[in-house]
Amino acid sequence: MSRIDDLPPLRDVIAAHGLRAKKSMGQNFLLDLNLTSRIARASGPLAGASVLEVGPGPGGLTRGLLAEGARRVLAVEKDERCLPALAEIAAAYPGRLEVLSGDALDVDVTARLDRPWRVVANLPYNIGTELLVRWLTPRDWPPAWESLTLMFQKEVAERIVAAPGSKAYGRLAVLAQWRSEVRIVLTLPPEAFAPPPKVASAVIHLTALPEPRFPADADVLERVVAKGFNQRRKMLRAALKGLAPDIEDRLRAAGLDPTERAEQVPIEGWCSLARTLG
């Protein structure tokens, strides 16, 4: 593996600091610095960019972002064991890396980054989808971020880019494609990680659209698709029962057939329904 900076190889860093990935924290460390640099580049040219990284662990992707020219990286890390390794990276890149100790679900980073910022992260598996939904559903749009370059389990990534009518199409696809352009940019095998997960991983890149594709209230849309796809085998009138006493009338007003199933409804249909319920 080629060097991207003057810091030690990641395996040496992990050994020196006694770091072992914790399953309880959804950790899988990506050790190949060539791959971390490829993920960094997948976010676009980094010169002058402000970047949020969630769950940097021993800092492989952090080093990729900095080596590729990110002006500033804010790394949010819950695992205090990783902080000394990240401090070494901060010392090697003076003034360009800020490490924030805490849970990404609880930390407000908006005042710490210059807008628009990017998110580039190998997300911990146990909080990845929740963070994605939060980034996709702010009340105001465009958001504070301009793009998201995120690693997920490959199955989750495929759900995010899925088309209506496919088995993978669901809540994540609707919310992601409603307000952004999204594509898979890289697939990684289990053996790229330590410890190797049981499944392959994939990196997706989302670019925020200037405006949503169709008008809808984000909170209402998220609630409607969550309920609709929670019982995806049922007809819409049964899956959405409880949202409104006249749900069949609301469905018809949105141009939807109450006997359809959730995976048959395109994004425009979900937005139309959200407007009738909003």
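Structure: above.
Source: prediction; values computed, not measured. (Residues numbered from 1 in each chain as written. Predicted model: local features only at pLDDT ≥ 70, side-chain atom pairs only at ≥ 80, totals over all residues. Heavy atoms only, no water.)

(A) The arrangement of the nonpolar core in detail. In this structure, Leu52, Trp135, Leu150 and Trp270 are the most contacted members of the largest nonpolar core, which totals 63 residues. Those residues in contact with Leu52 that sit more than four places away from it in its chain are Leu74, Val76, Val109, Leu113, Trp117, Arg118, Val119, Val120 and Trp135. Residues Leu7, Ala21, Val120 and Phe193 belong to the second largest nonpolar core, which totals 33 residues. (Core = buried A, V, L, I, M, F, W, Y, C linked by side-chain atoms within 4.5 Å. Buried < 20%, exposed > 50% of the residue type's maximum accessible area, 1.4 Å probe, protein only. Contact = heavy atoms within 4.5 Å.)

(B) Representation of the pattern of salt bridges within the structure. Tallied over the entire structure, the rule returns 17 salt bridges. Taking the shortest distance from any N to any O, the salt bridge between Asp79 and Arg81 comes out at 2.6 Å. Residue Arg139 is joined to Asp217 by a salt bridge in which the shortest nitrogen-to-oxygen separation is 3.3 Å. With Arg139 in the loop between α5 (128-136) and β6 (145-153) and Asp217 in the loop between β9 (201-208) and α8 (218-230), this pair connects stretches of sequence that are 78 residues apart. When salt bridges that share partners are traced, they join Arg72, Glu98 and Arg112 into one network. (Salt bridge = Lys/Arg side-chain N within 4 Å of Asp/Glu carboxyl O. Helix = DSSP H or I, 4+ residues; strand = E, 2+ residues; numbered from the N terminus.)

(C) Region of the structure containing helix α1 (residues 10-17). Every buried residue belonging to α1 is among Leu10, Val13 and Ile14, and all of these are buried. Within α1, the buried residues cover an arc of 95° as seen down the axis, which keeps them to one side. Facing away from the buried side of α1 by more than 90 degrees, the exposed set consists of Arg11, Ala15 and Ala16. Those residues of α1 that are buried are in contact with β1 (29-30), α2 (33-42), α3 (60-67) and α4 (83-92). Directly beyond the C-terminal end of α1, a positive phi value near 65° is found at Gly18. (Arc of directions from axis to C-beta.)

(D) Molecular detail of the sheet that holds strand β5 (residues 117-122). Read across the open sheet, the 7 strands follow the order β4-β3-β2-β5-β6-β9-β7; overall the sheet is mixed. Edge positions in the sheet fall to β4 (97-101) and β7 (180-188), since each has one partner strand and no second. Between one strand axis and the next, the sheet turns through 20° on average, direction left out of account. Pairing of β5 with β6 involves 6 bridges; the strand directions are parallel. Bridge pairing in β6 links Val119 to Leu148. Sheet strands in contact with α2 are β5, β6, β7 and β9, and its direction is about 170° off that of β7. (Pairing = 2+ DSSP bridges. Axes fitted to C-alpha atoms, helices over the stretch in contact; angles between N-to-C directions.)

(E) The arrangement of the layout of surface pockets in detail. In this structure, the largest pocket spans a volume of roughly 450 Å³. Surrounding the largest pocket, 34 residues form its lining, Gln27, Gly55, Glu77, Asn122 and Pro124 being those nearest its centre. For the lining of the largest pocket, a count of residues per class yields 18 nonpolar, 12 polar and 4 charged. Empty space within the second largest pocket amounts to approximately 340 Å³. Surrounding the second largest pocket, 17 residues form its lining, Val107, Val109, Thr110, Trp117 and Trp135 being those nearest its centre. A class-by-class count of the residues in the lining of the second largest pocket yields 14 nonpolar, 1 polar and 2 charged. (1 Å grid on protein atoms, 1.4 Å probe; cavity = no way out; pocket = protein on both sides within 12 Å on 5 of 7 lines; lining within 4 Å. Points joined across faces, edges and corners; volume = space filled by probe spheres on them. Nonpolar A, V, L, I, M, F, W, Y, C, P; charged D, E, K, R; others polar.)

(F) A look at the packing of helix α7 (residues 171-179) against α8. Close contact between α7 and α8 brings their axes to 9 Å; oriented N to C, the two are set at 150°. Classified by the angle their axes make, α7 and α8 are roughly antiparallel. Helix-helix and strand crossings are classified by hand; for α7 and α8 the assignment is right-handed. For the pair α7 and α8, contact is made by Arg171, Val174, Leu175, Trp178 and Arg179 and by Ala218, Leu221, Glu222, Val225, Ala226 and Phe229, respectively. Here the contact of α7 with α8 is composed, by residue class, of 8 nonpolar, no polar and 3 charged. (Parallel < 35°, antiparallel > 145°, perpendicular 65-115°, else oblique. Left-handed = near helix turned anticlockwise from the far one by under 90°.)

(G) Focus on empty space enclosed by the protein. Per the counting criterion, the structure on display carries 1 cavity of 30 Å³ or more. Its boundaries defined by the atoms lining it, the largest cavity holds a volume of some 50 Å³. Taken together, Leu7, Pro8, Leu10, Val13, Pro58, Arg63, Ala85, Glu88 and Ile89 make up the lining of the largest cavity. Elements that contribute at least two residues to the lining of the largest cavity include exactly α1 and α4. A class-by-class count of the residues in the lining of the largest cavity yields 7 nonpolar, no polar and 2 charged.

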